[in-house]
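Structural features, examined
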Amino acid sequence: MLLIICAAVLALYYLLLQPYNYWKDRSVKQTNPWPLFGDSWRMIFQVMDVGEIVSYYYNSMPNVRYYGIYQFFRPKLVIRDPELIRRVTVKDFDHFVDHVAETNPKSDPLFSKNILNLKGDEWRKMRSTLSGSFTGRKIKIMFGLVSDAAKNFVEYYENQPSQVIEVEMKDAFSRFTIDVIATTSLGVKVDSLAEKNNYFFQMGQELTELRFSLFFKMLLLQLFPRIYQYFQLQIFRKEVTEFFSNFVETTVAIRESKGIYRPDMIQILMEAAKGIHKGEDGDATKEDFFAGDEDTDQSQEPHEITKDDMTAQALLFFFAGFDSVSSLLTFATYELAVNQNVQDKLRAEIFDTLEKTNGTITYEALFNMKYLDMVISEALRKWPPFVILGRECTKTYTIEPTLPEEKTLVISKGTGIQIPCYAIHHDPKYFPNPEKFEPERFSAANRSKLTPYTVLGFGQGPRSCLGTRFALMEVKIIIFHLLSRLEIVTTKRTQIPLKLSKKFGINIRPERGLWIGLKILKL
């Protein structure tokens, strides 16, 4: 009997406790994980919001370049040193090509085949194909469509009977981003403010709403990937994937039969499916990858596109545009409401720009607005859309010691790497008085003083967000039109200071939503 008890205790130790010695055995400073949950318990039991969790571990280990954490049983190395971030994301990118993703292309093709989850050469080929959607010329062409959607958004609230309209901005901006995605990427005109429950908006909510079933499947994928694959589970419900699959198939059929051409992502994918790969000037092109990616084959041929490939990218772009952009706009609006001096200064620049352009904003004029760029950059700094950046070690990598207490660290292939964006953005070492909203941090004079690789709003290196330029254009044009016609003010329902939700999620969200007043501007 005693032997059975000892064997059981020993088995439990190796099952529940031994995995948490991984970083200790490698002389890496680590956290104090809970059995089974690792360092995920604070999120699971909603003790802290995700930004607070990332900052908690970061601030508890101030004098190291990296430290170890555990996502359930899985060890992750957190890189907090800017020079190491440069190596992982750019200089030695060939060792960290992939995002951490264990998916099954057979059972869950749409989740597996989007560019976020593709790996190695498959990712390189798809990026080469999709990059044509986000050239300066293409974005400039789509500028008019985005500007029209922004004007429609502002006019909706401007025409309301009340002088001050109280609005939950996350919902409002989610509707705006859906309209933009529909018109610029899918070729469909949608008015989500007038048609509250249109199907596109419902699908956007479906993709971003963190229900228990989605949480359970993501947890199962992390802890027991073989079980997840055995039962051929899918992250998104069948109705969602079928909607996008049918929509893409119908759109392609209509465009081909009627000879319709639109400068959007669907068109790029259609051309790729036919073996056409056009560059900025319409000539065949080779993707120029990033400096430091020494192993990249720049003669990479475009990806052979299937129906599932097309649908997977459309679904990802829909998700990213719906959630990330609307979240950035929500937090930027909050800062403008509580910092009236910033709002007044930005509005002055807007009026000055309108005067120079005879009352009609242009693409060039928008991107020449220095203070607007400073405001958006500071919003990205304080409220980044991605709390962490994740990478996977794809080749064994060695970090040589530079500090007295460090030893040579060999990172095994398959090890997950995390970069704590939110914590770095709130580190007073890099951004003094980090809780203060201060656009001047990003003025021409101050930008050069920033420590390289501490500004991580849309990522760094080859796997940074492909749609960054488009997203920034979208954010800037709606802020431009909004402040040119309306004043953003706080109301009794505005939570000051703003607190973040502790509910399970991968990105930050306001605890009670963000209620803001839109007031008719008196000129």
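None of the values given here were measured: they were computed from a predicted structure. (Residues numbered from 1 in each chain as written. Predicted model: local features only at pLDDT ≥ 70, side-chain atom pairs only at ≥ 80, totals over all residues. Heavy atoms only, no water.)

Section: the overall build of the protein
The following threshold applies: Counting from the N terminus, the helices are the DSSP runs of H or I reaching at least four residues and the strands are the DSSP runs of E reaching at least two. Buried means the residue's accessible area, taken with a 1.4 Å probe over protein chains only, is under 20% of the maximum for its type, while exposed means over 50%, and partly exposed covers the values in between.
Summing up its helical and strand segments, the protein has 20 helices and 9 strands in all. Out of the 523 residues in the protein, the part that is buried amounts to 56%.

Structural notes on the nonpolar core
We apply this condition: Here, nonpolar core refers to any group of buried Ala, Val, Leu, Ile, Met, Phe, Trp, Tyr and Cys residues whose side-chain atoms link them within 4.5 Å. Any pair of residues with heavy atoms lying within 4.5 Å of one another is described as a contacting pair.
Counting residues in each nonpolar core, the largest one holds 149 residues, and the members touching the most others are L77, F153 and I479. Ranked by residue count, the leading element in this core is helix α14 (residues 307-338), at 16 residues. Every residue in contact with F153, bar those within four places of it in the chain, is listed here: A172, F173, F176, L193, I478 and L482.

Here's the deal with the UniProt feature "binding site: heme" (unreviewed entry) in the protein
As a reminder, the rule being used: UniProt positions are given in the numbering used here, feature names are shortened, and annotations may be inferred rather than shown by experiment.
On the UniProt side, "binding site: heme" (unreviewed entry) is annotated at positions that read C465 here. Looking at where C465 falls in the secondary structure, it is placed in the loop between α19 (444-447) and α20 (468-485). Its relative accessible area of 29% is what places C465 among the partly exposed residues.

Structural notes on the confidence of the model for the protein
We apply this condition: Per residue, pLDDT captures the predictor's confidence, and it can take any value from 0 to 100.
When the pLDDT values of the protein are averaged, the result is 86; 86% of them are 70 or greater. Between residues 279-300, whose pLDDT stays under 50, and residues either more than four places distant or in other chains, the model counts 39 contacts.

Description of helix α17 (residues 370-382)
To keep things clear, this is the line we draw: Helix span, expected: 1.5 Å multiplied by one less than the number of residues in the helix.
Over its 13 residues, α17 extends 19 Å from the first C-alpha to the last, a length consistent with the 18 Å expected when each residue adds 1.5 Å. Most of α17 is tucked away, with 11 of its 13 residues classed as buried. Within the span of α17, buried status applies to Y371, L372, M374, V375, I376, S377, E378, A379, L380, R381 and K382. Considering only its buried residues, α17 is in contact with α14, α15 (340-356), α16 (363-367), α18 (421-425), α19 and α20.

Concerning helix α13 (residues 265-273)
Within α13, 8 of the 9 residues are buried, which leaves the element mostly enclosed by the surrounding structure. Along α13, the residues that are buried comprise M265, I266, Q267, I268, L269, M270, E271 and A272. For α13, the elements touching its buried residues are α6 (120-130), α7 (136-158), α8 (169-185), α12 (238-258) and α14.

What to know about the pattern of salt bridges
What counts here: The salt bridge criterion pairs a side-chain nitrogen of Lys or Arg with a carboxyl oxygen of Asp or Glu, the two atoms within 4 Å.
As enumerated under the stated definition, the model contains 26 salt bridges in all. Its salt-bridge partner being E83, residue R87 comes within 3.4 Å of it at the nearest N-O pair. Linking R87 with E83, this pair stays in helix α4 (residues 82-91), spanning 4 residues, or about one helical turn. Salt-bridge contacts for D94 lead to K395; the nearest nitrogen and oxygen are separated by 3.4 Å. Taken together, the residues D94 in the loop between α4 and α5 (109-112) and K395 in the loop between β4 (389-392) and β5 (397-399) connect sequence positions 301 residues apart. A residue is classified by how much of its surface remains accessible, and K395, at 34% relative accessible area, is partly exposed. Members of the salt-bridge network, linked through shared partners, are E83, R86 and R87.

A short note on the packing of α14 against α20
Formally: What counts as an axis is a line fitted to C-alpha atoms, over the stretch in contact for a helix, and the angles between N-to-C directions run from 0 to 180 degrees. Throughout, the term roughly parallel applies to angles under 35 degrees, roughly antiparallel to angles over 145, roughly perpendicular to angles from 65 to 115, and oblique to all others. The crossing is said to be left-handed when, going from far helix to near helix, the turn is anticlockwise and less than a right angle, and right-handed when the turn is clockwise.
Across the interface, α14 lies against α20 with an axial gap of 10 Å and an inter-helix angle of 40 degrees. One finds that α14 runs oblique with respect to α20. Classified by chirality, the crossing of α20 by α14 is right-handed. Residue-level inspection shows F317, V325, L328, L329 and L336 of α14 in contact with α20, the latter providing F470, A471, E474, V475, I478, I479 and L483.

Details of unusual backbone geometry
Glycine aside, a negative phi is what most residues show, and trans is what most peptide bonds show. Omega for the bond connecting I496 with P497 falls within 30 degrees of zero, at -5 degrees, which places this linkage in the cis form. Residue position: P497 is located in the loop between β8 (486-489) and β9 (515-520). Non-glycine residue F72 carries a positive phi angle of around 60 degrees. Among the secondary structure elements, F72 is positioned in the loop between β1 (66-71) and β2 (74-79). Phi is positive for N433, close to 50 degrees, though the residue is something other than glycine. Relative to the helices and strands, N433 resides in the loop between α18 and α19.

Section: the side chain of H425
Mapped onto the elements of the fold, H425 is located in helix α18. Filtering out sequence-adjacent residues up to four positions away, H425 remains in contact with L380, R381, P384, F431, P434, T454, V455, L456 and G457.

Notes on a nonpolar patch on the surface
Definition in use: The patch calculation keeps residues exceeding 30% relative accessible area without a salt bridge and links them within 9 Å when they carry like charges or within 5 Å when they are nonpolar (Val, Leu, Ile, Met, Phe, Trp, Tyr). Methods summary: accessible areas were calculated by the Shrake-Rupley approach with a probe of 1.4 Å, and residue burial reflects only the protein chains presented.
There is a patch of nonpolar side chains on the surface, built from W34, F45 and V47 and spanning about 280 Å² of accessible area. With respect to the element layout, W34 can be found in the loop between α1 (2-17) and α2 (41-44).

Examining the pairing of β1
What counts, and what does not: DSSP bridges decide pairing: two strands pair if at least two such bridges lie between them.
Across the 6 residues of β1, 5 count as buried, placing the element largely inside the fold. Pairing of β1 with β2 involves 6 bridges; the strand directions are antiparallel. What sits directly across from G68, in β2, is L77.

What about the packing of aromatic side chains?
Counted only if it meets this: Here the aromatic set is Phe, Tyr and Trp, taking the six-membered ring for Trp, and pairing holds for ring centres within 6.5 Å; pairs whose planes are under 30 degrees apart are stacked, those over 60 apart are edge-to-face, and all others are tilted. Charge over a ring is defined by NZ of Lys or CZ of Arg lying within 6 Å of the ring centre and within 35 degrees of the ring normal.
Counted under the stated rule, the structure contains 20 aromatic pairs. Relative to Y157, the ring of F153 lies with its centre 5.3 Å away and its plane at 65 degrees, an arrangement referred to as edge-to-face. Residue F153 and its partner Y157 are located together in helix α7, separated by 4 residues, close to a single helical turn. For the pair F153 and Y157, one class covers both residues: buried. Summarising the aromatic geometry, the rings of F200 and F243 are spaced 5.7 Å apart at their centres and angled 80 degrees between planes, so their arrangement reads as edge-to-face. A residue pair is termed long-range when its members are at least 10 positions apart, and F200 in helix α9 (residues 199-208) and F243 in helix α12 qualify at 43 residues. Taking relative accessible area as the criterion, F243 reaches 16% and is therefore assigned buried. By way of ring pairs, the aromatic residues F153, Y156, Y157, F173 and F176 are connected into one cluster. The ring of Y22 is capped by R26, whose NZ or CZ atom sits 3.6 Å from the centre of that ring.

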